[in-house]
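# Tertiary structure, described
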2 protein chains.
Amino acid sequence: MTVLILTSDEDVTADMVVAQLHTAGASVLRLDPADLPGKAALSVEYRDGDVHGHLSVHGRTVCVGALRSVWMRRPGEPAAHAAHASPWLTAETRQALFGMLHSSPARWMNHPRSAEQARLKPWQLRVAHHSGFAVPPTVFTTAPRLAREFAEEHRKVVVKAASGPPRGGPGPALVLPTTLIGPDADFTAVAAGPALLQRYIPKRADIRLTCVGTELFAARKTAEPDQIDGRYGDTGHLWEPVAVPERIGASVREYVARAQLAYAAFDFAEDLDGVWWFLECNQGGQFGFVELESGLPISAAVARWLAEDATRGTVAAVE
Amino acid sequence: MTVLILTSDEDVTADMVVAQLHTAGASVLRLDPADLPGKAALSVEYRDGDVHGHLSVHGRTVCVGALRSVWMRRPGEPAAHAAHASPWLTAETRQALFGMLHSSPARWMNHPRSAEQARLKPWQLRVAHHSGFAVPPTVFTTAPRLAREFAEEHRKVVVKAASGPPRGGPGPALVLPTTLIGPDADFTAVAAGPALLQRYIPKRADIRLTCVGTELFAARKTAEPDQIDGRYGDTGHLWEPVAVPERIGASVREYVARAQLAYAAFDFAEDLDGVWWFLECNQGGQFGFVELESGLPISAAVARWLAEDATRGTVAAVE
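Bear in mind that the values here come from a model prediction, so they are computed numbers and not experimental data.

## Brief notes about the overall build of chain A
Of regular secondary structure, chain A possesses nine helices and 16 strands. In terms of C-alpha radius of gyration, chain A reaches 21 Å, essentially the compact-globule figure of 20 Å for 319 residues. Taken along the three principal axes of its C-alpha coordinates, chain A extends 65 × 45 × 35 Å. Buried residues in chain A amount to 54% of all 319 residues. Total accessible area on chain A is roughly 13,500 Å²; 54% of this is exposed by carbon and sulfur atoms.

## Section: the domain arrangement of chain A
Residue and element names in this part refer to chain A. Here the domain parsing of chain A yields domain 1 (2-110), domain 2 (137-199) and domain 3 (202-307). For domain 1 versus domain 3, the separation of C-alpha centres amounts to 29 Å. Contacts between domain 1 and domain 3 engage 16 residues on the former and 19 residues on the latter. Regarding the contact of domain 1 and domain 3, the summed buried area is about 1,600 Å², with carbon and sulfur atoms giving 63% of it. It is M16, M109 and N110 in domain 1 that bury the most area against domain 3; as a group they hold 38% of the surface buried on that side. At the junction of domain 1 and domain 3, the tally comes to zero salt bridges. At the surface where domain 1 touches domain 3, the tally comes to nine residue pairs in polar contact (both at pLDDT 80 or more). If you list the elements that add at least two residues to the side of domain 1 that touches domain 3, you get helix 1 (12-23), strand 6 (67-74) and strand 7 (107-109).

## What about the packing of helix 4 (residues 121-130) of chain A against helix 2 (residues 87-102) of chain B?
It is the contact of helix 4 of chain A with helix 2 of chain B, at a shortest axis distance of 6 Å, that shows an interaxial angle of 35°. Contacts between helix 4 of chain A and helix 2 of chain B involve K121, P122 and W123 of chain A from the first element and Q95, A96, G99, M100 and H102 of chain B from the second. Residues of the contact of helix 4 of chain A with helix 2 of chain B, tallied by class, amount to four nonpolar, three polar and one charged.

## Comments concerning the pattern of salt bridges
Residues and elements named next belong to chain A. Enumeration according to the criterion identifies 32 salt bridges over all chains in this entry. The partner of E270 in a salt bridge is R204, with the nearest N and O atoms 2.6 Å apart. In this pair, E270 is assigned in strand 15 (residues 263-271) and R204 in strand 12 (residues 203-212), connecting sequence segments 66 residues apart. Look at R204 and you get partly exposed, because its relative accessible area is 35%. With its nearest N and O atoms 2.8 Å apart, the salt bridge here joins D267 to R208. Here the residue D267 occupies a position in strand 15, and R208 occupies one in strand 12, the gap between them amounting to 59 residues.

## Some points on unusual backbone geometry
That bond from L36 of chain A to P37 of chain A is cis: its omega, -10°, falls within 30 degrees of zero. Looking at where P37 of chain A falls in the secondary structure, it is placed in the loop between strand 2 (27-31) and strand 3 (40-47). With an omega dihedral of -10°, the bond running from M109 of chain A to N110 of chain A counts as a cis peptide bond. Here N110 of chain A is to be found in the loop between strand 7 and helix 3 (112-118). The backbone of A79 of chain B shows a phi angle near 65°, a positive value even though the residue is not glycine. Locating A79 of chain B in the fold gives a position in the loop between strand 6 (67-74) and helix 2. Of the residues examined, A79 of chain B reaches a relative accessible area of 0% and is grouped as buried.

## Some remarks on the interface of chain B and chain A
Facing 65 residues of chain B, the contacting portion of chain A comprises 65 residues. Of the roughly 5,700 Å² buried between chain B and chain A, counting both surfaces, carbon and sulfur atoms make up 53%. At the boundary of chain B and chain A, one finds four salt bridges. Here E153 of chain B makes a salt bridge to R47 of chain A, at a shortest N to O gap of 2.8 Å. Counting across the interface, chain B meets chain A through 30 residue pairs in polar contact (both at pLDDT 80 or more). Per-class residue counts for the side of chain B that touches chain A are 34 nonpolar, 19 polar and twelve charged. Taken together, the four bridges between strand 3 of chain A and strand 8 (residues 138-141) of chain B define a ladder with antiparallel strand orientation.

## So, helix 5 (residues 144-154) of chain A
Helical periodicity: at 3.6 residues per turn, an α-helix aligns residues three or four positions apart in one direction. Taken as a whole, helix 5 of chain A has its buried residues at A147, F150, A151 and H154 of chain A. Burial along helix 5 of chain A is one-sided: seen end-on, the buried residues are contained in an arc of 95°. Check the buried side of helix 5 of chain A and you find it contacts strand 8 (138-141), strand 9 (157-160) and strand 11 (195-199) of chain A together with strand 3 (40-47) of chain B. Looking one or two places after helix 5 of chain A, you find R155 of chain A, whose phi comes out positive at around 65°.

## Looking at the sheet that holds strand 6 of chain A
Residue and element names in this part refer to chain A. Spatial strand order, 2-1-6-7: four strands in an open sheet with parallel pairing. Strands at the two margins of the open sheet, each flanked by one partner only, are strand 2 and strand 7. Within the sheet, the average angular offset between the axes of one strand and its neighbour, ignoring direction, is 20°. Sheet topology note: the strand 6/strand 7 ladder contains three bridges and is parallel. Within strand 7, the residue paired with V70 across the bridge is W108. Seen against the sheet, helix 1 touches strand 1 (2-7), strand 2 and strand 6 and runs at an angle of roughly 160° to strand 2.

Cut-off values and rules
- Residues numbered from 1 in each chain as written.
- Chains lettered and ligands numbered in written order.
- Predicted model: local features only at pLDDT ≥ 70, side-chain atom pairs only at ≥ 80, totals over all residues.
- Heavy atoms only, no water.
- Helix = DSSP H or I, 4+ residues; strand = E, 2+ residues; numbered from the N terminus.
- Rg over C-alpha atoms; globule rule 2.2 N^0.38 Å.
- Buried < 20%, exposed > 50% of the residue type's maximum accessible area, 1.4 Å probe, protein only.
- Areas by Shrake-Rupley, 256 points an atom, 1.4 Å probe, with all protein chains shown as cover.
- Domains from an automatic or database assignment.
- Contact = heavy atoms within 4.5 Å.
- Buried area = accessible area lost by both parts, 1.4 Å probe.
- Salt bridge = Lys/Arg side-chain N within 4 Å of Asp/Glu carboxyl O.
- Polar contact = N/O pair within 3.5 Å; in protein donor to acceptor, adjacent residues only side chain to side chain.
- Axes fitted to C-alpha atoms, helices over the stretch in contact; angles between N-to-C directions.
- Nonpolar A, V, L, I, M, F, W, Y, C, P; charged D, E, K, R; others polar.
- Pairing = 2+ DSSP bridges.
- Arc of directions from axis to C-beta.

Structure representation (structure tokens):
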């Protein structure tokens, strides 16, 4: 049985998991879908009443029926590196690769069906609430008046991107940190693009909780009093392991069950009373930086989940 | 309660359903996500422990909690018509619109979670087989040798696109009909892009079976002896209603249950012995042309499904 890792070539987080899998003696195949076709090849055949598939990378071939798991780490666009790349070639190659993998008995981290839905911020807030987390009031609007009213009601609000920073354009990648604004801000531009505003939670720490299957790893980083977005700037504080409160653990398990996720990275703000406020759940969130600073053995847990011969996931069992 | 139809402005098939809904006195909101923000506006707010959303189109506003159903007909890309359109604005607007709709209690035709998976051809073949359909041998490969061997084994094979014709480039839209080839064809180009080959089924008719909830509508069009792709060229034959064989009906219901689809358009080839061979199942397939020729009341069935106060769909109930 083989673990298939779909990611780009430069991915140190994947390297950490591959090292763990090699140590455990697991068979690993690593593929960037951008290299298909070219460095990689595939065939999927329907005959004799079932789908049989083979995937080859750098001359090494595995049978899709022998895949134990698929890790959707940071896969490139199918056929993006092809000599004659085109949107149509990407669409056809995606059909071939994912049509084959969706027909395999492998478990997914995470299944694309679940991943797509889990990315939607307003959906996250609702699931988080129903899972028992404290969730800050949030508005996502194209109406300048409503944005202004929200800011007037809560006085201190942060504005953030729902889909992450802009990507893929010319020039260097844009950074779009979460930013504090007050009710005096100019909200007219909201009409041209939806704005996500959230009540600012004065915090004494950022919390990153990584859920791998049923294992939870929480890390805490002290925040400076005036700090808004812990992802940017160096405050001298480091990520340190922290115990998961029992109630938070129960909510995390409830959330990933509702969202059908095998992996999830939760961000919380710990307020001045010690309450953990749900900010977001990233189904594809990084964990390398947390592991390196905190020593939490997350990559080993990911490797264990990918390699273990568990009962098939419920999503994959649908078909 | 309101029916939300997501589609582009020019869509006569949607027009047919809207007319039926108006006749039935149902409230309808029609939106092209490409017009958001601009002609349309939205706000979604998390407060008081739940998500509340409003959607406005041309000044008419509906509460997302009052949506009975969402019909994913032919929606444009979110924000595609915006004054300052960009991939990032599209991503943010998709977050706002679909994050809000995924949090609504509405039933979906079809739920995006199911639709994405249902488009994958190799997955379709496997589900079709397990649902009891006859499925022609098929290979989807980047290996010229395997493509040649498949053609040699089956002698007459058709090659077709898995993802539909190329779209969005400059110049007129390309047509890519299913094409008959023999084992003498040149298969070297297969290495540059995956090819989908299928055993040719000599047929006496094309069958289009449209499934709307639990209602089935089958139409049959006589094929000329040398005809490969019934979608192109005029043979003088028309789509005519045909009874659904009991075994086919059972397989269709099995398929849509496995795929979690409220709507599906099945294409079959009726061979010289009368067997219906599964070719594909298009979760977003057209039905206007079949209804206009055959008189089958499909648009009325779609309108009924969208307007009826049914038990909530199982997918939506997950969250």
